[in-house]
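Summary of structural features
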Amino acid sequence: MTWIIDFLLVLGGLIFFHEFGHFIVARLLGVGVKTFSLGFGPRLAGFKLGRTDYRLSAIPLGGYVNLAGEERDMETDSGFRENELFMNRPPWHRMLVVAAGPIFNFILAWLIFWGIILTQGQMGLMPQVGKLQPGGPAEIAGIKPGDEVLSINGKQITFWRDLADTIQESKTDKLDFVIDREGKTIDMEIAPQIQETTNLFGETIRVPVVGIIASGDTTTVKLSASDSIYAATQQTWNVISLIGQSIVKMIERVVPIDSIGGPIMIAQAIKQQSEQGILHLLQFTAFISINLGLLNLLPIPVLDGGHLLFFGLETVLRRPLDERLQAAATRVGLFLLLCLMALAIFNDIVRTIATK
């Protein structure tokens, strides 16, 4: 049952790091912080440093930050000066404080990826041919199973992803392959064919292909500290891009809504990753951290993205938005968020019953 501890640590750690982003940027900008809590609910222990109450609370699922003057009509008798109250700060200050939470989720994912790559190396599928499409361009050109692709059109190929991306992004009628066959380097010219295939979201697309399938073998490449920084940045961006596209495809109804998951699905995934080892659990944590950051940036009132929208409009209009309008939008946003949570939990329950 150690996966339950992993679940609490992962989910609690992600939310805590998110709130820490709000906290640290607020402090850097001189915004007053009344409370910074590790956990929710009743206060178990803590200390007061300056005017901030640092506390450990009973429910170990994340944490929260209570800023001074989060509402415009709050009294100033809390011991904070007028210029320390959140809603008295210029909109761009408030936007930085709000955006810091999701940004810290991205930073956490990058740190995890960087630590794994730096210590373990970068792992991926080998650019090695496993099978050939009968009568396909690669078979016609003389490619054989077991061949390892070293470069395409002069671009070095390290992983299978490099190979696939290079072929699909090609604009030429001929591709110059350099392969390794049993220690011997061979140059080959392959003419790709345009074929219909499906992408990750089940959409039919037309892309250049050469008719090869990966062997499935993996390889690990050791990288220097500087190369690890670049590789971690690239991996973080790839995951951000993938999740961002998934959200867009879900809104477009390309991805079915029954694929939305909630806490039960996350708990099941954490259990599965935990059983496979700490590296798998860390990679999944980075993935969920990016997911949390992107979801919080959605322009829905109640979420960070909704607050950014309000403050952005205030910047453009050069005056605060009508409070009644904000209150109404917040109620609608809360309703939408509760509906989304209910849908996610419903999908979790249906999936759980279906697998039994």
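Here we summarise the structure given alongside this text. Per chain, residues are indexed from 1 in the order of the written sequence. Owing to the predicted nature of the model, reporting of local features is limited to residues with pLDDT of at least 70; listing and counting of side-chain atom pairs is limited to 80 or more, with chain, interface and lining totals taken over all residues. Hydrogens are left out, water is left out, and the side-chain values use all remaining heavy atoms of the structure.

This part covers the packing of helix 2 (residues 91–120) against helix 5 (residues 225–251). A fitted line through C-alpha atoms serves as each axis, taken over the contacting stretch for helices, and the angle formed by two N-to-C directions is quoted from 0 to 180°. To qualify as a helix, a DSSP run of H or I must reach at least 4 residues; to qualify as a strand, a run of E must reach at least 2; elements of each kind are numbered from the N terminus. Remark: helix 2 packs on helix 5, axes separated minimally by 8 Å, with the N-to-C direction vectors making an angle of 135°. When the axes of helix 2 and helix 5 are compared, the pair comes out oblique. For the crossing formed where helix 2 meets helix 5, the hand is right-handed. Where helix 2 approaches helix 5, its residues Phe-106, Ala-109, Trp-110, Phe-113, Trp-114, Ile-117 and Leu-118 are matched on the opposing element by Ala-225, Ser-228, Ile-229, Ala-231, Ala-232, Thr-233, Gln-235, Thr-236, Val-239 and Ile-240. The nonpolar class holds Ala, Val, Leu, Ile, Met, Phe, Trp, Tyr, Cys and Pro. Asp, Glu, Lys and Arg form the charged class, and all remaining residues, Gly among them, are polar. Along the lines of polarity and charge, the residues of the contact of helix 2 with helix 5 split into 13 nonpolar, four polar and no charged. The cut-offs work like this: below 35 degrees is roughly parallel, past 145 is roughly antiparallel, 65 to 115 is roughly perpendicular, and the gaps in between are oblique. Handedness of a crossing follows from how the near helix is turned relative to the far one, being left-handed for an anticlockwise turn of less than a right angle and right-handed for a clockwise one. Should any heavy atoms of two residues lie within 4.5 Å, those residues are counted as being in contact.

Attention shifts here to helix 9 (residues 323–354). Under the convention used throughout, the expected extent of a helix is 1.5 Å for every residue step, that is, one less than its residue count. Compared with an ideal rise of 1.5 Å per residue, which puts 32 residues at 46 Å, helix 9 spans 46 Å between its outermost C-alpha atoms and is within 8% of the ideal. For every residue, the accessible area (1.4 Å probe, protein chains only) is compared with the maximum for its type, and the residue is labelled buried under 20%, exposed over 50%, or partly exposed between those bounds. Looking only at helix 9, the buried set comprises Gly-333, Ala-344, Asn-347, Asp-348 and Thr-352. Buried residues in helix 9 make contact with helix 6 (263–276). By the criterion applied in these results, polar contacts are pairs of N or O atoms within 3.5 Å in which, for protein atoms, one can donate a hydrogen and the other can accept it, and in which residues neighboring in sequence qualify only through two side-chain atoms. Capping of helix 9 at its N-terminal end is provided by Asp-322; its side-chain oxygen lies 3.0 Å from the backbone amide nitrogen of Arg-324.

This next bit is on the pairing of strand 9 (residues 193–198). Strand residues, when the strand is regular, have side chains that alternate between the two faces of the sheet. Among the six residues in strand 9, zero count as buried, and that is only a small part of the element. Sheet topology places strand 9 next to strand 10 (residues 204–209); six bridges connect them, and they run antiparallel. What sits directly across from Gln-193, in strand 10, is Val-209. Each pair of strands is called paired provided DSSP finds at least two bridges between the two strands.

We call a set of buried residues a nonpolar core when its members are Ala, Val, Leu, Ile, Met, Phe, Trp, Tyr or Cys and they connect through side-chain atoms within 4.5 Å of each other. Grouped together as the largest cluster of nonpolar side chains are 27 residues, with contacts concentrated most on Phe-113, Ile-243, Ile-270, Ile-290 and Leu-294. For this core, the elements supplying multiple residues, two or more each, are helix 1 (2–28), helix 2, helix 5, helix 6 and helix 7 (278–296). In terms of residue count, helix 2 provides more of this core than any other element does, eight residues in total. If near-sequence neighbours (up to four positions away) are discounted, Leu-294 is found in contact with Phe-106, Ile-240, Ile-243, Gly-244 and Ile-247. Core analysis: the next-biggest nonpolar cluster, separate from the first, contains 19 residues, Ala-26, Val-31, Phe-86 and Met-87 among them.

To continue, consider the packing of aromatic side chains. Pairing of aromatic rings covers Phe, Tyr and Trp, the last through its six-membered ring, and needs centres within 6.5 Å; plane angles under 30 degrees mean stacked, over 60 mean edge-to-face, and all others mean tilted. Counted under the stated rule, the structure contains eleven aromatic pairs. Considering the side-chain rings of Phe-17 and Phe-20, the 6.4 Å spacing of their centres and the 45° angle between planes classify their relative orientation as tilted. Linking Phe-17 with Phe-20, this pair stays in helix 1, spanning three residues, or about one helical turn. Counting every residue linked through ring pairs, the aromatic cluster contains Phe-16, Phe-17, Phe-20, Phe-23, Phe-36, Phe-47, Tyr-54 and Phe-104. Here the basic side chain of Arg-94 rests over the ring of Phe-311, its NZ or CZ set 4.9 Å away from the ring centre. Put simply, a charge is over a ring when the Lys NZ or the Arg CZ is close to the ring centre, within 6 Å, and near the line of the ring normal, within 35 degrees.

Quick look at the side chain of Asp-6 now. Its place among the elements puts Asp-6 in helix 1. If we ignore the near neighbours within four places in the chain, the residues touching Asp-6 are Ile-270, Ser-274 and Leu-281.

If you want to describe how two helices pack, look at the angle between their axes and the distance between the axes. Look at helix 2 against helix 8 (residues 304–317): their axes get within 9 Å of each other, and the N-to-C directions meet at 160°. Taken together, the axes of helix 2 and helix 8 lie roughly antiparallel to each other. Of the two elements, helix 2 crosses helix 8, and the hand of that crossing is left-handed. Contacts from Pro-91, Arg-94, Met-95, Val-98, Ala-99 and Pro-102 of helix 2 reach helix 8 at Asp-304, His-307, Leu-308, Phe-311, Gly-312, Glu-314 and Thr-315. Within the contact of helix 2 with helix 8, the residues separate by chemical class into seven nonpolar, three polar and three charged.

So, on to the pattern of salt bridges. Salt bridges are defined as contacts in which a side-chain nitrogen from Lys or Arg sits within 4 Å of a carboxyl oxygen from Asp or Glu. This model, assessed by the stated rule, comprises ten salt bridges. The salt bridge partner of Glu-84 is Arg-51, with a shortest N-O separation of 2.7 Å. In this pair, Glu-84 is assigned in the loop between strand 2 (52–67) and helix 2 and Arg-51 in the loop between strand 1 (33–49) and strand 2, connecting sequence segments 33 residues apart. Under the relative-accessibility criterion, Glu-84 is labelled buried at 8%. By relative accessible area, Arg-51 is classed as partly exposed at 35%. A salt bridge links Arg-351 to Asp-348, with the nearest nitrogen and oxygen atoms 2.9 Å apart. Of this pair, Arg-351 and Asp-348 are both found in helix 9, three residues apart, which corresponds to roughly one turn of the helix. Residue classification places Asp-348 among the buried residues on the basis of a relative accessible area of 1%. Sharing partners across several salt bridges, the network here consists of Arg-43, Asp-53 and Arg-55.

We now examine the environment of Asp-258. Structurally, Asp-258 is set in the loop between helix 5 and helix 6. By relative accessible area, Asp-258 is classed as partly exposed at 48%. C-alpha separation for the pair Asp-258 and Asp-176, spaced 82 residues apart in sequence, amounts to 44 Å. Once residues lying within four places of it in the same chain are set aside, the contact partners of Asp-258 are Asn-347 and Arg-351.

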